[in-house]
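# Notes for the structure review
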Amino acid sequence: MAQLPLPPGSMGLPLVGETLQFLFDPDFVEKRFKRYGLMFKTRILGRPAVYLAGPEAIEFILDRHMDHFNWREGWPQSFKTLLGRSLFVQEGEEHRRNRRLIMPAFHGAALARYFATMEQITQGYLATWVQKREFVWYKEFKQLTFEIASQIFLGSSPGPETVRLSQLFTTLSGGLFGVGMKRAIAARQQILQHLTQVIQQRQQHPTDDALSLLIQAEDEAGNRLSREEICDQALLLLFAGHETTTSMLTWACLELARHPDLLNQARAEQLNLAQQGGLSLAQISQMPYLDQVISELERFHPPVAGGFRGVVKSFDFNGYHIPAGWLAQYSILCTHRLETVYSDPDRFDPDRFSPERQESKLQPFSLVGFGGGSRICIGLAFAKLEMKLILAHLLRGYQWQLVPNQNLEPVLIPTRRPKDGLRVRFDQIDPLSQ
Ligand code: HEM
């Protein structure tokens, strides 16, 4: 049988291909999907690549035919250099074993233990925001979510060392797509030095932080992770555990400021709950409207625009052939904006997730902001708990306005955020006005 053709698209210039457009044009992917349909070829980061969008393509990659793809060959070399031998770039048995060892730190009883720490750190930031009155929220959320992650994962106390660590992570993530690599590698070394010290302390004096869980975790054969392995996994968890939530929280506050009707509805739900008592873990699962807002944020503003894979076995999809050795990217952002999946997709509308509409349930793999299949985001429950806790507090007791003359256009790398980071004026709500 004749081989199917390659998908439409342009391989760009010799050698560089379309790498510059990929790095610097925020609409690189969207423009090409518009021109070519839900599958196009290009050449980026030195390799031929195919981009795919749509629930069927995502199910193909993340679930039905995941044996045709691997993570390690998909993410750029800079990811492997900076994130080390961590879950993100591991495969097969090694990945399954490590995921099983790490999982308990992000589920069930462990999550319930983290609630009080998240709550206490958030309260501290709310108080400083009231004093500051005007600030750039992206920067503040980054500091807040990093402090939560480092206290919960490493048992660190707030202070200059945590601020230094957070800045090192900013430098590290700046290098993920190969720009500023030298500084990013130096930052990685300093982070590893810090982590090694903390791990040594925890090995001698275990506590109940996530790191102690990782140190004590044993696989079926009774083997534990080595110190180097724990270091790399902890670095990944700290990185993945705050950049993404920062992005989604920033967009949440922007969209709520842009849509006072939605803000009022979300606030009414919180004030109703507040009458039954202060925020508690039990209340977190009684916020159906906030759940809808968060699902719409995941759809409309996914912090990770897509996932890279290496094609390890050639495959045919929708009438096209993709050779082994290519790069494949499944596009989260473009899938979430398809008219064939969501009605009026360019409108921010949490009601599309109401029990009556449930638009994401019509087809599997329609809502994939956290990935999907067996390698779905390990921090999903942690991230949702943290975002709900922070948003619930904001809605119960505070108001904010956008400062005029700022650029709110999205930039994509390393995680999607409004260009100027969202400058706001912030106040406590007058309880008498409610
Ligand atoms: C709003 C917050 C978050 C979003 C949107 C998000 C998104 C994602 C996505 C899309 C993937 C899959 C990437 C792919 O298929 O290539 C992923 C994987 C992963 N995420 Fe998250 N994430 C979030 C929060 C977190 C948190 C809080 C942690 C850690 C505490 C975390 C740790 C990880 C890890 C370790 C993986 C790799 C899992 C594996 O390969 O088995 N993420 N995340």
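So, here is what we can say about the structure in this document. Small disclaimer: the values here were computed from a predicted structure and weren't measured.

Thresholds applied
- Residues numbered from 1 in each chain as written.
- Predicted model: local features only at pLDDT ≥ 70, side-chain atom pairs only at ≥ 80, totals over all residues.
- Heavy atoms only, no water.
- Helix = DSSP H or I, 4+ residues; strand = E, 2+ residues; numbered from the N terminus.
- Rg over C-alpha atoms; globule rule 2.2 N^0.38 Å.
- Buried < 20%, exposed > 50% of the residue type's maximum accessible area, 1.4 Å probe, protein only.
- Contact = heavy atoms within 4.5 Å.
- Areas by Shrake-Rupley, 256 points an atom, 1.4 Å probe, with all protein chains shown as cover.
- Lys, Arg positive; Asp, Glu negative; His and termini not counted.
- Charge placed at Lys NZ, Arg CZ, Asp CG, Glu CD.
- Donors = N, O, S within 2.8 Å, 3.2 Å for Na, K, Ca; no water.
- Pairing = 2+ DSSP bridges.
- Axes fitted to C-alpha atoms, helices over the stretch in contact; angles between N-to-C directions.
- 1 Å grid on protein atoms, 1.4 Å probe; cavity = no way out; pocket = protein on both sides within 12 Å on 5 of 7 lines; lining within 4 Å.
- Points joined across faces, edges and corners; volume = space filled by probe spheres on them.
- Nonpolar A, V, L, I, M, F, W, Y, C, P; charged D, E, K, R; others polar.
- Near = heavy atom within 4 Å.
- Polar contact = N/O pair within 3.5 Å; in protein donor to acceptor, adjacent residues only side chain to side chain.
- Left-handed = near helix turned anticlockwise from the far one by under 90°.
- Core = buried A, V, L, I, M, F, W, Y, C linked by side-chain atoms within 4.5 Å.

## Details of the overall build of the chain
Each helix and strand counted, the chain has 16 helices and twelve strands in total. In terms of C-alpha radius of gyration, the chain reaches 22 Å, essentially the compact-globule figure of 22 Å for 434 residues. Considering only C-alpha atoms, the chain reaches an extent of 75 × 55 × 40 Å along its principal axes. Per-residue burial for the chain yields a buried fraction of 55% across its 434 residues. Look at the contacts in the chain between residues 6 or more apart in sequence, and 71% of them connect residues 24 or more apart. For the chain, the accessible area works out to roughly 19,000 Å², and carbon and sulfur atoms hold 54% of it. For the chain, the separation between the mean place of its 46 positive charges and that of its 45 negative charges on side chains is 5 Å.

## Observations regarding the coordination of the iron atom of the ligand
From the protein, the iron atom of the ligand takes a single donor atom, Cys 377 (SG), 2.3 Å away. Its location among the elements puts Cys 377 in the loop between helix H15 (332-336) and helix H16 (380-397).

## Some points on the sheet that holds strand S4 (residues 134-136)
Taking strand neighbours across the sheet as the criterion, the three strands line up as S4-S12-S9 in an open arrangement whose pairing is antiparallel. Every interior strand has two partners, whereas the edge strands, S4 and strand S9 (398-402), have only one. Taking the axes of each pair of neighbouring strands and ignoring which way they run, one obtains an average angle of 35 degrees across the sheet. Note: S9 against strand S12 (residues 423-428), five bridges, orientation antiparallel. Following the sheet pairing, Gln 399 is matched in S12 by Asp 427. Relative to S12, helix H6 (residues 108-132) is tilted by about 105 degrees, and along the sheet it contacts S4, S9 and S12.

## So, the environment of Leu 214
For Leu 214, the location among the structural elements is in helix H10 (residues 210-216). A C-alpha to C-alpha distance of 33 Å links Leu 214 and Leu 333, two positions 119 residues apart in sequence. Those residues in contact with Leu 214, other than ones at most four positions away along the chain, are Leu 101, Ile 102, Leu 225, Ile 230 and Leu 237.

## What to know about empty space enclosed by the protein
Inspection of every chain in the model, using the stated rule, returns one cavity of 30 Å³ or more. There is about 60 Å³ of room inside the largest cavity. What lines the largest cavity is simply Ala 105, Phe 106, Phe 153, Leu 154, Ala 210, Leu 211, Leu 214, Ala 234, Leu 237 and Leu 238. For the lining of the largest cavity, the secondary structure elements donating two or more residues are helix H7 (137-154), H10 and helix H11 (227-258). Here the lining of the largest cavity is composed, by residue class, of ten nonpolar, no polar and no charged.

## Side note on the sheet that holds strand S1 (residues 39-44)
Read from one edge to the other, the open sheet built from five strands follows the order S1-S2-S8-S5-S3, with strand pairing classed as mixed. Of all the strands in the sheet, the pair left with one neighbour each is S1 and strand S3 (69-70). Note that strand S2 (residues 47-52) and strand S8 (residues 327-331) share four bridges and pair parallel. By the bridge assignment for S8, Leu 52 is matched with Tyr 330. This element, helix H3 (residues 55-64), spans S2, S3, strand S5 (306-311) and S8 of the sheet and lies at about 125 degrees to S8.

## Digging into the layout of surface pockets
In this structure, the second largest pocket encloses a volume near 590 Å³. In terms of lining, the second largest pocket is formed by 25 residues, of which the most central are Asp 27, Glu 30, Leu 333, Arg 337 and Asp 346. Within the residue set of the lining of the second largest pocket, elements represented by two or more residues are helix H2 (28-36), H11 and H15.

## Some remarks on the site of the ligand
Lining the immediate environment of the ligand, one finds 30 residues, of which His 95, Arg 99, Arg 309, Tyr 330 and Cys 377 sit closest. Between an oxygen atom of the ligand and a side-chain N or O atom of His 95, the distance comes to 2.7 Å. Contact between the ligand and Arg 309: an oxygen atom at 2.8 Å from a side-chain N or O atom of the residue. Of all the elements in the fold, those that place two or more residues in the shell around the ligand are helix H5 (92-102), H11, S5 and H16. Ranked by residue count, the leading element in the shell around the ligand is H11, at six residues. Here the residues of the shell around the ligand sort into 19 nonpolar, eight polar and three charged.

## As for the packing of helix H8 (residues 160-174) against helix H9 (residues 181-204)
Taken N-terminus to C-terminus, the directions of H8 and H9 make an angle of 145 degrees; their axes are 8 Å apart at the nearest point. H8 and H9 meet at a crossing whose hand is left-handed. Across the interface between the two elements, Glu 161, Arg 164, Leu 165, Leu 168, Phe 169, Thr 171 and Leu 172 of H8 pack against Arg 183, Ala 184, Ala 187, Arg 188, Gln 190, Ile 191 and His 194 of H9. Here the residues of the contact of H8 with H9 are counted per class, giving seven nonpolar, three polar and four charged.

## Examining the pairing of S5
Judged by how many residues are buried, S5 sits mostly within the fold: six of six residues are covered. Residue alternation in S5 divides its side chains into two sets, Gly 306, Phe 308 and Gly 310 and Gly 307, Arg 309 and Val 311, and both sets are buried. As defined by bridge partners, S3 adjoins S5 across two bridges and the pair is classed as antiparallel. In the sheet register, Phe 69 faces S5, and the bridge partner there is Val 311. Of the strand pairs in this sheet, S5 and S8 are connected by five bridges, and their pairing is antiparallel.

## Regarding the nonpolar core
With 109 residues, the main nonpolar core has Trp 129, Trp 137, Phe 153 and Leu 394 as its most contacted residues. A per-element tally of this core places H11 first, with 15 residues. In contact with Trp 137, not counting residues within four places along its chain, are Trp 129, Cys 253, Leu 394, Trp 400, Gly 421, Leu 422, Val 424 and Phe 426. By size, the runner-up hydrophobic cluster in this structure holds 19 residues, among which are Met 39, Phe 69, Phe 315 and Phe 317.

Honestly, that's just the spatial picture; any functional story needs more than this.
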